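Here are the chains, one letter per residue:
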Amino acid sequence: MSGKSKSNIKIGIEVEVVEKQNQRSNKLTKGVVKRILTNSSNHPHGIKVMLDSGIVGRVKNII
């Protein structure tokens, strides 16, 4: 499933995100969604979320 559509992302699911400082290297961080930060229903670079660990990034993969 794509992380570009807000309808695919629910609080409590496991995802892989890319943090702002890792966008060039595309290093992914795995975690559980705590909050959904993007207001729009779609975003071309992925929906921005906060993980349980406090990390903020854009969803690349839904696990």
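What you see is a predicted model; the values in this text were computed from it and never measured. Counting restarts for each chain, with residues numbered from 1 along the sequence as it is written. The predicted origin of the model limits local features to residues at a pLDDT of at least 70 and limits the giving and counting of side-chain atom pairs to 80 or more, whereas totals for whole chains, interfaces and linings rest on all residues. The basis for every side-chain value is the complete set of heavy atoms in the structure, and neither hydrogens nor water enter the calculation.

Caption draft 1: Summary view of the sheet that holds strand β2 (residues 28-36). Pairing between two strands is assigned when DSSP locates at least 2 bridges connecting them. Numbering of helices and strands runs from the N terminus; a helix is a DSSP stretch of H or I covering at least four residues, while a strand is a stretch of E covering at least two. Here we have four strands rolled up into a closed barrel, ordered β1-β2-β3-β4, and antiparallel in their pairing. Taking the axes of each pair of neighbouring strands and ignoring which way they run, one obtains an average angle of 75 degrees across the sheet. Pairing of strand β3 (residues 48-51) with strand β4 (residues 56-62), which is carried by three bridges, proceeds in the antiparallel orientation. When the sheet's bridge partners are listed, valine 49 is paired in β4 with glycine 57. Comment: axis = line fitted to C-alpha atoms, over the contacting stretch for helices; angle = value between 0 and 180 degrees taken between N-to-C directions.

Caption draft 2: Spotlight on the pairing of strand β1 (residues 14-18). Where β1 and β2 come together, five bridges link them in antiparallel fashion. When the sheet's bridge partners are listed, glutamate 14 is paired in β2 with valine 32. Pairing of β1 with β4 involves four bridges; the strand directions are antiparallel. When the sheet's bridge partners are listed, valine 15 is paired in β4 with isoleucine 62.

Caption draft 3: How the structure looks around the environment of glycine 12. Here glycine 12 is to be found in the segment before β1. In this structure glycine 12 comes out as partly exposed when scored by relative accessible area, which is 49%. For the pair glycine 12 and leucine 51, spaced 39 residues apart in sequence, the C-alpha to C-alpha distance is 9.1 Å. By definition, residues are in contact when any of their heavy atoms lie within 4.5 Å. Contact partners of glycine 12, with chain neighbours within four places excluded, come to Val32 and Val33. We call a residue buried when its accessible area falls under 20% of the maximum for its residue type, exposed when it is over 50%, and partly exposed in between, using a 1.4 Å probe and counting protein chains only.

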